[in-house]
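So you can see what is in the structure, the chains are spelled out below.
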2 protein chains.
Amino acid sequence: MFDYIHHVAYVVSDMDDALRIFRDIFELELSDRRMIEGETSVEMAAFRCGPTIIEILRPINHPALTQFLEEHGPGLHHVGFAMKDLPRRVEELKEKGVFVNGPFVAGTGWRIAYFDFEKSDLDLLKSCYHGDHLAEAESREESKA
Amino acid sequence: MFDYIHHVAYVVSDMDDALRIFRDIFELELSDRRMIEGETSVEMAAFRCGPTIIEILRPINHPALTQFLEEHGPGLHHVGFAMKDLPRRVEELKEKGVFVNGPFVAGTGWRIAYFDFEKSDLDLLKSCYHGDHLAEAESREESKA
């Protein structure tokens, strides 16, 4: 049902430090970097690592991510699981007692769906900040772009 | 330098719950499950998710993982980054001021190397329990097996 790990997300207070580590030391391709503004605001950078994106999030105005930084310091935050045909899969999951909010298009441009941890028995994937979630698998064309 | 995400590891207190989530609900292939005994002991299960392994660790006698469970509850623990020719890459990393312990073969059978966080400026990848680390990329033959 999952095709691959869509992304692993790190929350940081210093974007330059993340660029130093993932781009300069580990030589990963910086595939995206921008400000995402909405109800909450973050600076986002994305690095390619095989089919997976390493997503870096620096909170600008984002209480939950700021709380994470205050309590944990910068670090690993959540995993996004890639599924083809996310809307259909979401319906299949419902039949298994797993409920989600979405799918919707996130500020990153990715189509994602959040687990509804209140209604689903998935505590392993939950954190008090922001749980793991689903993401639409990239089409082959997009993956190659 | 990284080829893909080798594994994402979750620490659990209840292996049956992890099997229910990743095997039964998310329909991932259980590719390995066993007890790993040594200086520390864990029950390990591994699920395939594209090129990445979802590694589940249940501490039997493992103070650091037990502490993680006590303080956080079950959840996401660390990421392993896959590199081809790990010994050569480890030498290249040294020239960039990144030091590791290893490579060595872990109880899982994977060849891995731990970052030396005391000597390397990689706080983003560190946690107080067990940081992210490196792992030898599978050869094409092994990947297909």
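Above this text is the structure in question.
Everything numeric here is computed off the predicted structure, so don't read it as measured data.

(A) Focus on the environment of Asp14(B). Residues and elements named next belong to chain B. Mapped onto the elements of the fold, aspartate 14 is located in the loop between strand E1 (4–11) and helix H1 (15–25). Under the relative-accessibility criterion, aspartate 14 is labelled partly exposed at 39%. For aspartate 14 and leucine 57, which are 43 residues apart along the polypeptide, the C-alpha to C-alpha distance reads 9.6 Å. Polar side-chain contacts of aspartate 14 include one of 3.0 Å to the backbone nitrogen of aspartate 16.

(B) Fine view of the interface of chain A and chain B. At the junction of the two partners, chain A supplies 42 residues and chain B supplies 42 residues. Between chain A and chain B, a total of about 3,300 Å² is buried, with carbon and sulfur atoms accounting for 71% of that surface. On inspection of chain A and its partner chain B, the count reaches four salt bridges. The closest approach of N and O atoms between Glu27(B) and Lys96(A), which form a salt bridge, is 2.5 Å. Across the contact surface, chain A and chain B share 14 residue pairs in polar contact (both at pLDDT 80 or more). Take the side of chain A that touches chain B: its biggest share by element is seven residues, from helix H1 (residues 15–25) of chain A. When its residues are assigned to classes, the side of chain A that touches chain B shows 27 nonpolar, six polar and nine charged.

(C) Inspection of the relation of the copies chain A and chain B at higher detail. Placing chain A over chain B gives an RMSD of 0.0 Å and needs a rotation angle of 180°, together with 0.0 Å of translation along the axis. On this basis, the relationship between the two copies can be described by a two-fold rotation axis.

(D) Local environment of the environment of Asn101(A). Residue and element names in this part refer to chain A. Counting through the fold element by element, asparagine 101 comes out in strand E6 (residues 100–105). For the pair asparagine 101 and histidine 133, spaced 32 residues apart in the sequence, the C-alpha separation amounts to 9.8 Å. Here asparagine 101 is in contact with Ala113, Tyr114, Phe115 and Asp116, once residues within four sequence places are set aside.

(E) A look at the sheet that holds strand E7 (residues 111–115) of chain A. Residue and element names in this part refer to chain A. Strand order across the open sheet formed by eight strands is E2-E3-E4-E1-E5-E8-E7-E6, with mixed pairing between neighbours. Of all the strands in the sheet, just strand E2 (29–37) and E6 have a single pairing partner and so form its edges. Taken pair by pair, the neighbouring strands of this sheet meet at an average axis angle of 25°, ignoring direction. Relative to strand E4 (residues 52–61), strand E3 (residues 41–49) is paired through nine bridges, and the arrangement is antiparallel. Of the residues in E4, the one forming a bridge with serine 41 is asparagine 61. Relative to E4, helix H2 (residues 63–72) is tilted by about 95°, and along the sheet it contacts strand E1 (4–11), E3, E4 and strand E5 (75–83).

(F) Structural view of the side chain of His133(B). Residue and element names in this part refer to chain B. Mapped onto the secondary structure, histidine 133 falls in strand E8 (residues 133–136). A relative accessible area of 3% places histidine 133 in the buried class. Polar contacts involving the side chain of histidine 133 include one to the side chain of histidine 7, which spans 3.3 Å. For histidine 133, the contacting residues outside a window of four places in its chain are His7, His78, Val79, Gly80, Phe81, Ile112, Ala113, Tyr114 and Phe115.

(G) Focus on the sheet that holds E1(B). Residues and elements named next belong to chain B. The eight strands lie next to each other as E2-E3-E4-E1-E5-E8-E7-E6, forming an open sheet whose pairing is mixed. Looking at strand neighbours, the two that pair on one side only are strand E2 (29–36) and strand E6 (100–105), the edges of this open sheet. Shown here is a sheet whose adjacent strand axes are inclined to one another by a mean of 25°, direction ignored. Inspection of the sheet shows E2 paired to strand E3 (residues 41–49) by seven bridges, in the antiparallel sense.

Criteria and cut-off values
- Once a new chain begins, its residue numbering starts again from 1 and follows that chain's sequence as written.
- Chains carry letters from A onward and ligands carry numbers from 1 onward, assigned in written order.
- Under the rules for a predicted model, residues below a pLDDT of 70 receive no local features and side-chain atom pairs below 80 are neither given nor counted, while totals for whole chains, interfaces and linings still include all residues.
- Processing note: side-chain calculations cover all non-hydrogen atoms of the structure and skip hydrogens and water entirely.
- In DSSP terms, a helix is any run of H or I states spanning at least four residues, a strand is any run of E spanning at least two, and both are numbered starting from the N terminus.
- Each residue is placed in one exposure class: buried if its accessible area under a 1.4 Å probe, protein chains only, is under 20% of its type's maximum, exposed if it is over 50%, and partly exposed if it falls in between.
- Polar contact criterion, stated in full: a pair of N or O atoms within 3.5 Å, where within protein one must be able to donate a hydrogen and the other to accept it, and residues adjacent in sequence count only if both atoms are side-chain atoms.
- Should any heavy atoms of two residues lie within 4.5 Å, those residues are considered in contact.
- Values labelled buried area give the accessible surface lost by two parts on being combined, using a 1.4 Å probe and summing over both.
- Only one rule defines a salt bridge in this text: a Lys or Arg side-chain nitrogen within 4 Å of an Asp or Glu carboxyl oxygen.
- Residues are sorted three ways: Asp, Glu, Lys and Arg are charged, Ala, Val, Leu, Ile, Met, Phe, Trp, Tyr, Cys and Pro are nonpolar, and all the rest, Gly among them, are polar.
- Only residues with pLDDT of at least 70 in both copies count here: their C-alpha atoms drive the least-squares fit that superposes the copies.
- One requirement defines pairing of two strands: DSSP has to find at least two bridges between them.
- Axes here refer to lines fitted to C-alpha atoms; in helices the fit is confined to the stretch in contact. Angles between the N-to-C directions go from 0 to 180 degrees.

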